[in-house]
Amino acid sequence: LLSRASEKAQMQRRLARFEDKLSEESSFDRVIGSSAALREAVELARKVAVTDTSVLLTGETGTGKEVFARAIHHASRRAHEAFVAVNCSAFSKELLESELFGHRAGSFTGATKDKKGLVEADGGTLFLDEIGEMPLELQTKLLRVLENGEFIKIGETRPTKADLRIIAATNRDLEKEIKAGNFREDLFFRLSVFRIQLPSLNQRRGDIADYVRYFAGLFSAKMGKRIENIDKGYIEAMENHTWRGNVRELRNAVERSMIMADSNVLSVGTLPPE
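For the structure given in this document, a descriptive report is provided here. Quantities reported herein were computed from a predicted structural model and do not represent experimental measurements. (Residues numbered from 1 in each chain as written. Predicted model: local features only at pLDDT ≥ 70, side-chain atom pairs only at ≥ 80, totals over all residues. Heavy atoms only, no water.)

**Looking at the overall build of the chain**
Working step 1: Along its length, the chain carries 10 helices and 9 strands.
Working step 2: Expressed as a percentage of its 274 residues, the buried residues of the chain come to 46%.
Working step 3: Of all intrachain contacts in the chain linking residues separated by at least 6 positions in sequence, the fraction that spans at least 24 positions is 72%. (Helix = DSSP H or I, 4+ residues; strand = E, 2+ residues; numbered from the N terminus. Buried < 20%, exposed > 50% of the residue type's maximum accessible area, 1.4 Å probe, protein only. Contact = heavy atoms within 4.5 Å.)

Right, dumping it as structure tokens:
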């Protein structure tokens, strides 16, 4: 019993260390990998972090755009203010407008109270994920925030001042969306003053082993499982796979392996069939 309690306490300490690492202010440390393409993206992010310039993060889904956005925020002068993340594809136009810009009571059915919009996150950073999904009408309002630092709440006529930094992200080709009439060209130019393209996992296969070891350690702490070895064949299988879902897909594969492992070794047999 004492041995089991000691092992449990050790696992809890390991989990605490991982959680501490995730909450470090210097969260560029969370960006795993040493490939040239990734390091170039990190260097660009570090340079822009100390400014108030808007940033556009582009790349395939699952490449870590929110991790980069948080790292930029934590390395900026706004680090002690709020970081607010919004997925633009998760709301209807009406709900997204209310979430972002707020409204006055009585401005529409159901608006029984005044609501403060997220662009009023005084001094903080607003991360707009899937910016390519934002309706055109709201793109116009966002452009005004970026150009004049002000916005108009639903139900009001007078502008409200905003003090925030905007970081946007998309996995879409916004230049194609502009040609299709789905995205404002002026907003694109304003957002892409500083553009960072995040490389896919398939473009940096040398980083895959680092991710496997990291997630194995993370899930070891969370699940209370001790993994002492990762088979060479396991790493080779991961490196040879085509990662359409990038790091997010790899994380899920390692989590499944941890559940399937009956010993302290991650082997090919614990991997998803695909």
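So, next bit.
**Looking at the side chain of Glu97**
Working step 1: The topology assignment puts Glu97 in helix H4 (residues 93-101).
Working step 2: Glu97 has contacts with Gly102, Leu138, Lys141 and Ile154, leaving out every residue within four places of it along the chain.

**Here we look at unusual backbone geometry**
Working step 1: Notably, Glu130 is not glycine yet its phi reads approximately 55 degrees, a positive angle.
Working step 2: Structurally, Glu130 is set in the loop between strand S3 (125-129) and helix H5 (136-148).
Working step 3: The buried category is assigned to Glu130, whose relative accessible area is 15%.
Working step 4: Here Asn246, not a glycine, exhibits a phi torsion of approximately 55 degrees, which is positive.
Working step 5: Along the chain, Asn246 turns up in helix H10 (residues 246-260).

**Side note on the sheet that holds strand S6 (residues 165-170)**
Sheets are built from strands paired through backbone hydrogen bonds, the pairs being either parallel or antiparallel.
Working step 1: Taken together, the 5 strands give an open sheet; going across it, the order is S2-S3-S6-S1-S7, and neighbouring strands pair in parallel fashion. Each having just a single partner strand, strand S2 (83-87) and strand S7 (194-197) make up the two edges of the open sheet. Within this sheet the neighbouring strands show an average axis-to-axis angle of 20 degrees, counted without direction.
Working step 2: In this structure, strand S1 (residues 55-58) lies alongside S6, joined through 4 bridges in parallel fashion. (Pairing = 2+ DSSP bridges. Axes fitted to C-alpha atoms, helices over the stretch in contact; angles between N-to-C directions.)

**Focus on the packing of aromatic side chains**
Working step 1: Enumeration according to the criterion identifies 6 aromatic pairs in this entry.
Working step 2: Residues Tyr214 and Phe215 carry aromatic rings whose centres are separated by 5.3 Å and whose planes lie at 70 degrees to one another, so their mutual orientation is edge-to-face.
Working step 3: Three or more aromatic residues joined by ring pairs make a cluster, and in this case those are Tyr211, Tyr214, Phe215 and Phe219. (Phe/Tyr/Trp six-rings, centres within 6.5 Å; stacked < 30°, edge-to-face > 60°.)

**Some points on the pattern of salt bridges**
Working step 1: Under the definition given, this model contains 16 salt bridges.
Working step 2: In this structure, the salt-bridge partner of Lys47 is Glu43, at a minimum N-O distance of 4.0 Å. With Lys47 and Glu43 both in helix H2 (residues 36-49), this residue pair falls 4 residues apart, about one helical turn.
Working step 3: Given a relative accessible area of 53%, Lys47 falls into the exposed group. (Salt bridge = Lys/Arg side-chain N within 4 Å of Asp/Glu carboxyl O.)

**Details of a nonpolar patch on the surface**
Working step 1: A surface patch of nonpolar side chains, amounting to about 270 Å² of accessible area, comprises Met223, Ile259 and Met260.
Working step 2: Tracing the sequence through the fold places Met223 in helix H8 (residues 208-223). (Patch = residues over 30% accessible without salt bridge, like charges linked within 9 Å, V, L, I, M, F, W, Y side chains within 5 Å. Areas by Shrake-Rupley, 256 points an atom, 1.4 Å probe, with all protein chains shown as cover.)

**Re H5**
Working step 1: For H5, spanning 13 residues, the distance from its first C-alpha to its last is 18 Å, which sits close to the expected 18 Å at 1.5 Å a residue.
Working step 2: Leu138, Gln139, Lys141, Leu142, Leu143, Val145 and Leu146 are the residues of H5 that are buried.
Working step 3: Lining the buried residues of H5 we find H4, S3, strand S4 (150-151), S6 and helix H7 (185-191).
Working step 4: Within two residues after H5, Gly149 carries a phi angle of roughly 65 degrees, on the positive side. (Expected span 1.5 Å × (residues − 1).)

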